[in-house]
Amino acid sequence: MSEVSSRLVRLDAGPQVDPVVRRPSRPVSGDAVFRITTGFTAARGGAEAGVWESTAGVFCADTTGYIEFGVIVEGEARLVDPDGTVHALHTGDPFVMPEGYKGHWEVDHFVKKVFFVSPVADDAV
């Protein structure tokens, strides 16, 4: 088990260094590419924080088993709820995707967010 640190963790939202490059697991349209840098992983409990960015595309979101808090730090996108409600997100906008959110992202050009995700305990759902 790693040592628990009481030091502040700063996330660099500038250009990512050695990001993990992935494609959406649930694409709808376009050819989006994700770049992800994890800046914090909890010693226990599975929470993590980092920076995520995406190129243009439409892809599904599914937060089954976790809650995500995010802040758009560059670009813009839309999150569309399952009922069709559209949430335009711009630089500086914070948002929460609750456990089990199943909407979709629409990215016209580029978007970058700082995120914090926390798993939801099976007995808390």
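Residues numbered from 1 in each chain as written. Predicted model: local features only at pLDDT ≥ 70, side-chain atom pairs only at ≥ 80, totals over all residues. Heavy atoms only, no water.

S.K.: Explain the layout of surface pockets to me, and be specific about the residues and the numbers.
M.R.: Empty space left among the atoms is revealed by rolling a probe the size of a water molecule over them. Its volume calculated, the largest pocket comes out at about 480 Å³. Every residue lining the largest pocket is counted, 21 residues in all, and those nearest its centre are Arg22, Phe34, Trp52, Tyr66 and Glu68. Of all the elements in the fold, those that place two or more residues in the lining of the largest pocket are β3 (34-41), β4 (48-60), β5 (66-80) and β8 (104-119). Considered class by class, the residues forming the lining of the largest pocket number twelve nonpolar, three polar and six charged. (1 Å grid on protein atoms, 1.4 Å probe; cavity = no way out; pocket = protein on both sides within 12 Å on 5 of 7 lines; lining within 4 Å. Points joined across faces, edges and corners; volume = space filled by probe spheres on them. Helix = DSSP H or I, 4+ residues; strand = E, 2+ residues; numbered from the N terminus. Nonpolar A, V, L, I, M, F, W, Y, C, P; charged D, E, K, R; others polar.)

S.K.: Account for the packing of aromatic side chains, naming residues and giving values.
M.R.: Taken as a whole and judged by the stated rule, the model has six aromatic pairs. Centroid distance Phe34 to Trp52: 5.2 Å. Interplanar angle 55°. Geometry classified as tilted. In this pair, Phe34 is assigned in strand β3 and Trp52 in strand β4, connecting sequence segments 18 residues apart. Judged by its relative accessible area of 8%, Trp52 falls in the buried class. Relative to Phe59, the ring of Trp52 has its centre 6.3 Å away and its plane inclined at 65°; by these criteria the two rings are edge-to-face. On the basis of relative accessible area, Phe59 is assigned to the buried category, the value being 2%. (Phe/Tyr/Trp six-rings, centres within 6.5 Å; stacked < 30°, edge-to-face > 60°. Buried < 20%, exposed > 50% of the residue type's maximum accessible area, 1.4 Å probe, protein only.)

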